[in-house]
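Chain by chain, the residues:
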Amino acid sequence: MNSLHSRFYLIFFLFLLLVRQVSAQGSSTLEINKAGELIGESGFERLIGDVEMRHQNSLIYCDSAYFYRETNEARLFGNVRIVDQEDPIRTTSSYAEYDGNTKLAKLRDNVVFTNQETTLYTDYLDYDRGLNIAYYYNDGKVVDSVNVLTSEKGRYEVSVERITFEDDVVLVNPDYTMKTNDLVYLTIPKTAETKGLTNLISKEGNTLDAQNGSFYDTQNKQFQFFDGLVETETSRVKAIELFYDENLAYYEGKKDVRVFNKERNVEVFGDVGKYWEERKYSLVYGNALVRKYFEQDTLFMTADSLISQDNELDSAKFLLAFNSVNIVKQDLSGKADSLVYNYNDSSIQLFNDPVMWNQKSQISSDSMTFYIANENLDRVYLKDNAFIITQDTIMNFNQMKGRKMMGYFSEGQISKMDIDGNGESLYFVLEADTASQGVNMTKSATIRLGFKEGAIQRVNYGIKPDGRFIPFQNLDKDNSKLSGFNWRFEEHPDMNTIRRWRTLLEIDPDIKNLFNVPQVEIRMPTDEEIEEELRKRGVIPVKRIFEQ
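Residues numbered from 1 in each chain as written. Predicted model: local features only at pLDDT ≥ 70, side-chain atom pairs only at ≥ 80, totals over all residues. Heavy atoms only, no water.

The secondary structure content of the protein amounts to four helices and 36 strands. Here the C-alpha atoms of the protein give a radius of gyration of 41 Å, more than 25% beyond the 24 Å that 2.2 N^0.38 yields for 548 residues. Relative to its full complement of 548 residues, the protein shows a buried share of 45%. Within the protein, contacts between residues at least 6 apart in sequence are counted, and of these 38% link residues at least 24 apart. A total accessible area of about 29100 Å² is found for the protein, and carbon and sulfur atoms account for 49% of it. The averaged location of the 85 negative side-chain charges in the protein is 4 Å from the averaged location of its 63 positive side-chain charges. (Helix = DSSP H or I, 4+ residues; strand = E, 2+ residues; numbered from the N terminus. Rg over C-alpha atoms; globule rule 2.2 N^0.38 Å. Buried < 20%, exposed > 50% of the residue type's maximum accessible area, 1.4 Å probe, protein only. Contact = heavy atoms within 4.5 Å. Areas by Shrake-Rupley, 256 points an atom, 1.4 Å probe, with all protein chains shown as cover. Lys, Arg positive; Asp, Glu negative; His and termini not counted. Charge placed at Lys NZ, Arg CZ, Asp CG, Glu CD.)

Shown next as structure tokens:
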């Protein structure tokens, strides 16, 4: 029986102890644990020296305090510390006001808010312990193991480890510095998301800019930019949606993509683009366009898809274009199904029914290769079913055909042409460049023609040429054209073709960049400084008049 009573009293005692503990933790009343000196009555108490108070699961320390018991509030002075005994939250400041009812702590001057590896520094912090959210309003700095972030205003949602920074936000990382005006930072995965204008500079001097926000995985060094632009020493990449993996040096862009190779002066545009910077390998497709810059001219080329490879370690450096290929240059235009531009020798190879136009000349063959030297068209090699048509001063069609041809250009016009194999020529004989006398038709294994201003000036034939002259009055549709003649000038592309294919919007060099905004703080002069300046100007300060 006694044993039964003893067990009952022990269980009852433990129950009361538990209830008391739970009640103390759940109570919103501020409690005084200790103080060196206590002055005052029940309504107001002044605590002096080594003050310790409790509120639920937090201990509050300070040098002295005013305790308003009726309103359940306290004002804390000197070496203020609030330590959460359950969560790793610790705050320190020079002064604080604490409301036990709302669980709101207003900390002022030299505030340090610590949560494990994350520390917030400011002079003006409101910490809502009920919602577990801290706010600062007049400049703050957050430091973790990787980043340092500063801003004018901020909100730290402790429970979800999310910090929102507003106005003059600066993120400093060992690898880069970023500026924006609106940033959300998650301290655990160490990711940052911005809204609006965002500018970044890496330690290597590379720049990453976004007009409509961005996302950063600071640990894995992966970035996403909206209306973004990335610029390095050798390249510039822009897209409406731009992804960049710094570890892989890999870019991927969607919508209005442009990749500029600064070393080659070649810029590629498209709807979707992928670029491997170290390999200098790019893939662009969707109304793709190439713009090759020369000192005095620009070459434009359209295609459905483009592939470029330009690494120093690769023996082959090239640009491939597939489907709907059009070329436009000041002295040259053309079209083909596919194209290869060789960076090493500045050659352009066209395949599958290629046609080129050079002023008054049309050139076609099964395949052709153009060579550019000193930014000008230098020569062209035609293979299989080669056919050249030129117009003279009165719009007659002079024609040449053969198995292979090598043509040479001077100042943008054909200067000579060598035909090798099954050569045939048909050219009109003019009188004073105004009237046609007839046609010379010649067949020869080899033919060499010389031109002046696009017109044939001389012809040299190989061994045993077969030729005849047809007077003008005997010409008809059959004997005035060589077999395979097809004048396709209406197909030749021009700048209107380029503009219809893709509208190019140039990058604004004066677009706003937060790194270009001067960090100027206008300080109001003190009364003493104003008086000193007035004395220098010989003006007696109003203050002195009243003193007299």
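Once you've had a look at it, read on.
Before going further, it helps to examine the nonpolar core. Core analysis: the largest hydrophobic core is formed by 52 residues, its most contacted members being M53, L76, F113, F165, L183 and F225. In this structure M53 touches L30, E31, I32, N33, L47, S58, L59, I60, F67, A74 and L76, once residues within four positions along its chain are discounted. Core analysis: the next-biggest nonpolar cluster, separate from the first, contains 43 residues, A288, I327, M405 and M417 among them. (Core = buried A, V, L, I, M, F, W, Y, C linked by side-chain atoms within 4.5 Å.)

By the definition in use, this model includes 22 aromatic pairs. In this structure an aromatic cluster arises from ring pairing among Y176, Y216, F223, F225, Y244, Y251 and Y275. Positioned over the ring face of Y371 is R379, at 4.0 Å from the centre of the ring. The ring centre of Y408 lies 4.8 Å from the NZ or CZ of K416, which sits over that ring. (Phe/Tyr/Trp six-rings, centres within 6.5 Å; stacked < 30°, edge-to-face > 60°. Lys NZ or Arg CZ within 6 Å of the ring centre and 35° of its normal.)

Bringing the environment of L350 into the picture now. Structurally, L350 is set in strand β27 (residues 347-351). Along the backbone, L350 and S367 are 17 residues apart, and their C-alpha atoms lie at a distance of 5.7 Å. With near-sequence residues (within four places) excluded, L350 lies in contact with I327, K335, A336, S338, L339, M356, D366, S367, M368 and F370.

Right, let's get into the pairing of strand β29 (residues 361-364). In β29, alternate side chains face the same way, and those of S361 and I363 on one face and Q362 and S364 on the other are all buried. As judged from the four bridges shared by strand β28 (residues 355-358) and β29, these two strands associate in the antiparallel manner. Across the sheet, M356 pairs through a bridge with I363, a residue of β29. Turn length for the β28-β29 hairpin, with the two strands adjacent in sequence and antiparallel, is two residues, and the turn residue Q359 shows positive phi of about 55°. Note: β29 against strand β31 (residues 376-391), four bridges, orientation antiparallel. When the sheet's bridge partners are listed, Q362 is paired in β31 with I389. (Pairing = 2+ DSSP bridges.)

Structurally, D217 is set in strand β18 (residues 214-217). Comment: no salt bridge for buried D217; closest opposite-charge side chain is K190, at 9.8 Å. Of note is the side chain of D217, whose polar atom sits 2.9 Å from the side chain of N220. Sequence-distant contacts of D217, that is, excluding residues within four places in its chain, are made with P189, K190, T191 and Q222. (Salt bridge = Lys/Arg side-chain N within 4 Å of Asp/Glu carboxyl O. Polar contact = N/O pair within 3.5 Å; in protein donor to acceptor, adjacent residues only side chain to side chain.)

Applying the stated rule across the entire model yields 28 salt bridges. E166 is the partner of K153 in a salt bridge, and the nearest nitrogen-oxygen pair spans 3.8 Å. Separated by 13 residues along the polypeptide, K153 in strand β12 (residues 153-157) and E166 in strand β13 (residues 162-173) bring together distant segments of the chain. Residues E267 and R258 are paired through a salt bridge, measuring 3.2 Å at the closest nitrogen-oxygen approach. Here the two residues E267 and R258 agree in accessibility, since each one is buried. Through salt bridges that share partners, R236, R258, E267, R291 and E506 make up one connected network.

On average, residues of the protein score 85 in pLDDT, and 91% of them reach the 70 mark or higher. For the protein, helix α1 (residues 2-26) is the element with the lowest average pLDDT, namely 42, and strand β6 (residues 89-99) is the one with the highest, namely 94. Scored below 50 in pLDDT, residues 543-548 shows three contacts in the model against residues more than four places distant or in partner chains. (pLDDT = per-residue confidence, 0-100.)

As defined by bridge partners, strand β16 (residues 198-202) adjoins strand β17 (residues 207-210) across four bridges and the pair is classed as antiparallel. Bridge pairing in β17 places L200 opposite L208. Counting the residues in the hairpin turn of β16 and β17 gives four residues, including G205, whose phi is positive at 95°. As paired strands, β17 and strand β19 (residues 222-231) are joined by four bridges and run antiparallel to one another. Residue pairing across strands places T207 opposite E231, the latter belonging to β19.

Turning our attention to unusual backbone geometry. Although it is not a glycine, N352 adopts a positive phi angle of roughly 65°. With respect to the element layout, N352 can be found in the loop between β27 and β28. Positive phi is not limited to glycine here, since M395 has a value of about 70°. Note on placement: M395 falls in the loop between β31 and β32 (397-410).

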